[in-house]
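Remarks on the overall topology
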Amino acid sequence: MGRGKLRIYLGAAPGVGKTYAMLSEAHRRVERGTDCVVAFVEHHGRPRTEVMLHGLEELPRRELEYRGADFTEMDVDAVLARSPQVALVDELAHTNVPGSRNTKRWQDVEELLAAGIDVVSTVNIQHLESLGDVVESITGVRQRETVPDEVVRRADQIELVDMSPQALRRRMAHGNIYQPDKVDAALSNYFRPGNLTALRELALLWVADRVDEYLKQYRSEHQVSKIWGSRERIVVGLTGGPEGRTLIRRAARLAEKGAGGEVLAVYIASSDGLTAASPKELAVQRTLVEDLGGTFHHVVGDDIPAALLAFARGVNATQIVLGVSRRKSWQYVFGPGVGATVARDSGPDLDVHLITHDEAGKGRGLPVARGARLGRSRIIWGWLVGVGGPAVLAVLLSAVDLGLANDMLLFLAVTVAAALLGGLLPALASAAVGSLLLNYFYTPPLHRWTIADPKNIVAIVIFVAVGVSVASVVDLAARRTHQAARLRAESEILSFLAGNVLRGETGLEDLLERVRETFGMESAALLERASDHDPWTCAGRAGLGPAVERPDEADVDVPVGDHMALALTGRVLPAEDRRVLAAFAAQAAVVLDRRRLQEEADRARTLAEGNRIRTALLAAVSHDLRTPLAGIKAAVSSLRSDDVAWSEEDQAELLKGIEEGADRLDHLVGNLLDMSRLQTGTVTPLIREIDLDEVVPMALVGVPEDSVELEVPETLPMVAVDPGLLERSVANLVENAVKYSPPGKPVLVAASALADRVEVRVVDRGPGVPDEAKERIFEPFQRYGDAPRGAGVGLGLAVARGFAEAMGGTLNAEDTPGGGLTMVLTLRAEGSRAELLEEGAAPAGRPAEPERQVT
């Protein structure tokens, strides 16, 4: 009997419909005549899921007693005795009650699979063992029940059961997932939109990786080398020449014509490092392809056409874009060229586009071998060993007779040593000197420059040939090793530089300091001027060397465009160092441009914000402040009038109007002053640890009676806040919620702990706010909807968010289940959450149920 097959329904969160989908599959199999049983399925009181169990055979469960309570688990023996074709086992990551056959349910499933029974199961993405830390950082809840990733990866089929966060929250609000008394707590904690979106992304990415594994495994098992054009992937072959920009733009246009097109630019460098493109031009082309949404790749390969085709097939590309060769006609005698070779060897599954450009046929130099400098000391020692070594060896051998063959081997060893130290030329000199000494001292007739025996002539000729050959190989290996080390160092420097710049982690001065340190210079400066006739100015500088006012005064200058240059003082750099320096210069120009654009954007944003606030302030002063002033003035004028005899009731009513107008003025002016403090950055919170139940009730003093319900558990951890700012923030939130709540529906102010945070939620049952306006209501001088002018100047929520952020917290708006708006004020908790739990506090995400206080 073979092993059973495992099918898993994977979901992002509880309630997406995994169990329902599993039961639907069971009904389909039963209709086809498959022997399918329910080994363990938990419907959690969900009526629609419970209905799906009707018509399916359910096996009895095993009853266990643990700590005085009765539990039921899957009876593995009963399933094995029944031996169905398919068994349904819900909640794969479940931990069995102590006393069960296995610790984990997935171990029970392994037994069923080993017995040849097919199993259909369910699991949520948060229960995968490798994602435990990620899920905890998102939700603040540590998953205690996990299943090894390998168990799920070994499944024969994995089906994703997906649902949008909004739809899932609606299902939750309708009571289709949890009982009504648990809905509010779930929506406020684990089932928040951000949590659900992040979990959904985890599930989609995990399944996508699994699909890629299936595809790679299938292509490998079936030896599929043919490209499968599931979507357009266009590879652009770059040479580092100026035509690369044209090729990249053309490839981007080709990609736009197909759905989901992708551009991959690749530069193939020779492994020996003898041919290299301009780092400046490659940096420009890398920036261009990334701006167009593509990716840049650097590949090493001696056979450029073969490396390009291997890369294209490796990424499952469908098209290759190459430029027409820049070689002149006579240069084709060396070969057909990269474009023609790639087009010939691409096969029917790859389309090759040869793009014309301005540089076509203008010529390009053939690769010229450029050796790396070995250093003056090494060259001197090489010549000493190459010329003096044979003479010293001849003196030593004059005292002992080892035979001509051994003498030649010793002279050959000296030649190899000269090659290792000084390169090829000292080795050739050693071979020449050694052959002459062999002829004069050790080849009959001795002490004469003639050779009597023809065999000795052959021996000396072979010695010279072997010496030259070995010297050439050793010299080439030494130079390649030096070049490889240098290229590796260059690539590490450029990679670090590009990564920092692209991530925006490097400022101009930091970049110039990096240049100075890398090349061991005294100072580095970026100079610029507006035109050819304007004086040079310093845009940025690093180091303690002398100031440079013009590029030609520096020891090294690298032009960047027409009116910018990188100038360094300290020493003159060799030519090979200037290649890397050119890349630094190009990046310095990019950093400078980005800094200036950011400064301009900040200035524009500040001006726009200031103009908007001034306009709104004038509008507020012209109406919202004048209205209560007009009411106060009218009431005072009436009281002072001698023409009317006011009764005591009328006088009391006028005085009440004056008091209300003054209070309203005080509130408006207070908000304006708070907003001005926030705008000028003069809010300095005094942070200290405090209990919420000491601050929140004080914020409810000014609201009408019976309009607010308060839930602040005593078991909550202390928070690190400024009590005054927190009180003002909560007061503004409650005032806003009471203003929009319908009569008879009090506002709920509830607090709960979540990991290292404490949340204060102000819940109203008013008209609510659409998603697109949730951020806008926190802007200064914003009134939502048709709020009347007398409702205030629209600063309450802006001040509340500003104070919350000043204390290191956050303030966001969410929909209230069933209608309304919920303001979520998140604060940083102090103290150990584990210690609080040991003392009897409620677990994170499930706040204790306190007695309701009505204010």
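Keep in mind it's a predicted model, so treat the numbers as computed, not measured.

Examining the overall build of the protein chain
Tallying secondary structure elements over the protein chain gives 24 helices and 25 strands in all. Residues counted as buried form 43% of the 855 residues belonging to the protein chain. Counting only contacts in the protein chain whose residues sit at least 6 apart along the sequence, the fraction spanning at least 24 positions is 72%. Accessible surface computed for the protein chain: about 44,500 Å², of which carbon and sulfur atoms make up 54%.

Let's talk about the pairing of strand β7 (residues 118-124)
In terms of residue burial, β7 counts as a mostly covered element, since 6 of its 7 residues are buried. As paired elements, strand β1 (residues 6-11) and β7 share 6 bridges and run parallel to each other. Along β7, the bridge assignment pairs L10 with V123. Alignment of strand β6 (residues 86-89) against β7, held across 4 bridges, turns out to be parallel. Along β7, the bridge assignment pairs V89 with S121. Each parallel crossover has a hand, and the one from β6 via helix α4 (residues 105-114) to β7 is right-handed.

A look at the pattern of salt bridges
Under the definition given, this model contains 24 salt bridges. As a salt-bridge pair, R3 and E110 come within 2.9 Å of each other at their nearest N and O atoms. Linking R3 in the segment before β1 with E110 in helix α4, this pair joins segments that are 107 residues apart in sequence. In this structure E110 comes out as buried when scored by relative accessible area, which is 18%. If you follow the salt bridges from partner to partner, you end up with R7, E25, R28, R29 and E159 in one network.

Examining helix α10 (residues 244-256)
One turn of an α-helix holds 3.6 residues; hence residues three or four places apart share an orientation. The terminal C-alpha atoms of α10 lie 18 Å apart, and with 13 residues this matches the ideal 18 Å at 1.5 Å per residue to within 8%. Every buried residue of α10 is accounted for by G244, L247, I248, A251, A252, L254 and A255. For α10, the buried positions fall inside an angular range of 160° around the axis, keeping them on one side.

Description of the nonpolar core
Membership of the largest hydrophobic core comes to 59 residues, with the highest contact counts inside it found for L88, L112, I125 and V147. Ranked by the residues each element gives to this core, the list is headed by helix α9 (residues 193-221), at 6 residues. In this structure, V712, V719, A737 and A829 belong to the second largest nonpolar core, which totals 43 residues.

Some remarks on the sheet that holds strand β3 (residues 57-58)
Taken together, the 6 strands give an open sheet; going across it, the order is β3-β2-β6-β7-β1-β8, and neighbouring strands pair in parallel fashion. Of all strands in the sheet, those bounded by a partner on one side alone are β3 and β8 (157-161). Helix α1 (residues 18-31) rests against β1, β2 (36-40), β6, β7 and β8 of the sheet, and its axis sits at about 145° to β1. The sheet contacts of α4 involve β1, β2, β6 and β7, and relative to β6 the element is tilted by about 180°.

Quick look at the sheet that holds strand β14 (residues 523-528)
Taken together, 4 strands build an open sheet; the order of strands is β15-β14-β17-β16 and the sheet is antiparallel. A single partner strand is all that each edge strand has here, and the edge strands are β15 (537-543) and β16 (556-559). Direction aside, the axes of adjacent strands within the sheet are offset by 15° on average. With 4 bridges connecting them, β16 and strand β17 (residues 564-569) associate as antiparallel partners. Note on β17: the bridge partner recorded for V558 is L566.

Remarks on unusual backbone geometry
Of note in this structure, R67 is not a glycine but carries a positive phi near 55°. With respect to the helices and strands, the residue R67 is situated in the loop between β4 (62-66) and β5 (69-73). Phi at E91 is positive, roughly 55°, even though this residue is not glycine.

Description of a nonpolar patch on the surface
On the surface, I379, W383, V387, L425 and L428 cluster together into a nonpolar patch covering about 420 Å² of accessible area. Residue assignment for the nonpolar patch shows that the elements contributing at least two residues are α14 (376-397) and α16 (424-442). By residue number, the principal contributor to the nonpolar patch is α14, which donates 3 residues. Here I379 lies in helix α14.

A look at the side chain of Q126
Within the element layout of this structure, Q126 appears in the loop between β7 and α5 (132-139). Q126 has contacts with A12, A13, P14, V135, Q143 and Y190, leaving out every residue within four places of it along the chain.

Section: the packing of helix α22 (residues 723-740) against helix α23 (residues 796-806)
Across the interface, α22 lies against α23 with an axial gap of 9 Å and an inter-helix angle of 150°. If you check the angle between α22 and α23, you find them roughly antiparallel. Of the two possible hands of crossing, α22 and α23 adopt the one that is left-handed. Only G796, L797, V799, A800, F803 and A804 of α23 make contact with α22, whose side of the interface consists of L725, R728, S729, N732, L733 and N736. Residues belonging to the contact of α22 with α23 are distributed by class as follows: 7 nonpolar, 4 polar and 1 charged.

Looking at a positive patch on the surface
A contiguous patch of positive charge, built from R249, R250, R253 and K257, is present on the exposed surface. Residue position: R250 is located in helix α10.

Notes on the confidence of the model for the protein chain
Any segment with low pLDDT has predicted coordinates that should not be analysed in fine detail. Across the protein chain, the average pLDDT comes to 77, with 75% of residues at 70 or higher. Taken element by element, the protein chain is modelled with least confidence in helix α24 (residues 833-838), mean pLDDT 36, and with most confidence in β6, mean pLDDT 95. Of the regions scoring below 50 in pLDDT, residues 832-855 engages in 49 contacts with residues more than four places distant in sequence or in other chains.

Focus: a negative patch on the surface
A cluster of acidic residues, E648, E649, D650, E653, E659, E660, D663 and D666, forms a negative patch at the surface. Inspection of the secondary structure puts E648 in helix α20 (residues 648-680).

Details of the packing of helix α15 (residues 404-422) against α16
Running from amino to carboxyl end, α15 crosses α16 at an angle of 160°, the nearest separation of the two axes being 7 Å. Comparing their axes, α16 and α15 come out roughly antiparallel. Taken as a pair, α15 and α16 cross one another with a handedness that is right-handed. Two secondary-structure elements touch here, α15 through L404, D407, M408, F411, V414, T415, A418, A419 and G422 and α16 through L424, P426, A427, S430, A431, G434, L437, L438 and Y442. Taken together, the residues of the contact of α15 with α16 break down into 13 nonpolar, 4 polar and 1 charged.

Things to note about the environment of G4
Mapped onto the elements, G4 comes out in the segment before β1. Its relative accessible area of 6% is what places G4 among the buried residues. When neighbours within four sequence positions are excluded, G4 is seen to be in contact with L113, G116, I117, D118 and D156.

Conventions we followed
Residues numbered from 1 in each chain as written. Predicted model: local features only at pLDDT ≥ 70, side-chain atom pairs only at ≥ 80, totals over all residues. Heavy atoms only, no water. Helix = DSSP H or I, 4+ residues; strand = E, 2+ residues; numbered from the N terminus. Buried < 20%, exposed > 50% of the residue type's maximum accessible area, 1.4 Å probe, protein only. Contact = heavy atoms within 4.5 Å. Areas by Shrake-Rupley, 256 points an atom, 1.4 Å probe, with all protein chains shown as cover. Pairing = 2+ DSSP bridges. Right-handed = clockwise from strand over helix to strand, strands pointing away. Salt bridge = Lys/Arg side-chain N within 4 Å of Asp/Glu carboxyl O. Expected span 1.5 Å × (residues − 1). Arc of directions from axis to C-beta. Core = buried A, V, L, I, M, F, W, Y, C linked by side-chain atoms within 4.5 Å. Axes fitted to C-alpha atoms, helices over the stretch in contact; angles between N-to-C directions. Patch = residues over 30% accessible without salt bridge, like charges linked within 9 Å, V, L, I, M, F, W, Y side chains within 5 Å. Parallel < 35°, antiparallel > 145°, perpendicular 65-115°, else oblique. Left-handed = near helix turned anticlockwise from the far one by under 90°. Nonpolar A, V, L, I, M, F, W, Y, C, P; charged D, E, K, R; others polar. Lys, Arg positive; Asp, Glu negative; His and termini not counted. Charge placed at Lys NZ, Arg CZ, Asp CG, Glu CD. pLDDT = per-residue confidence, 0-100.

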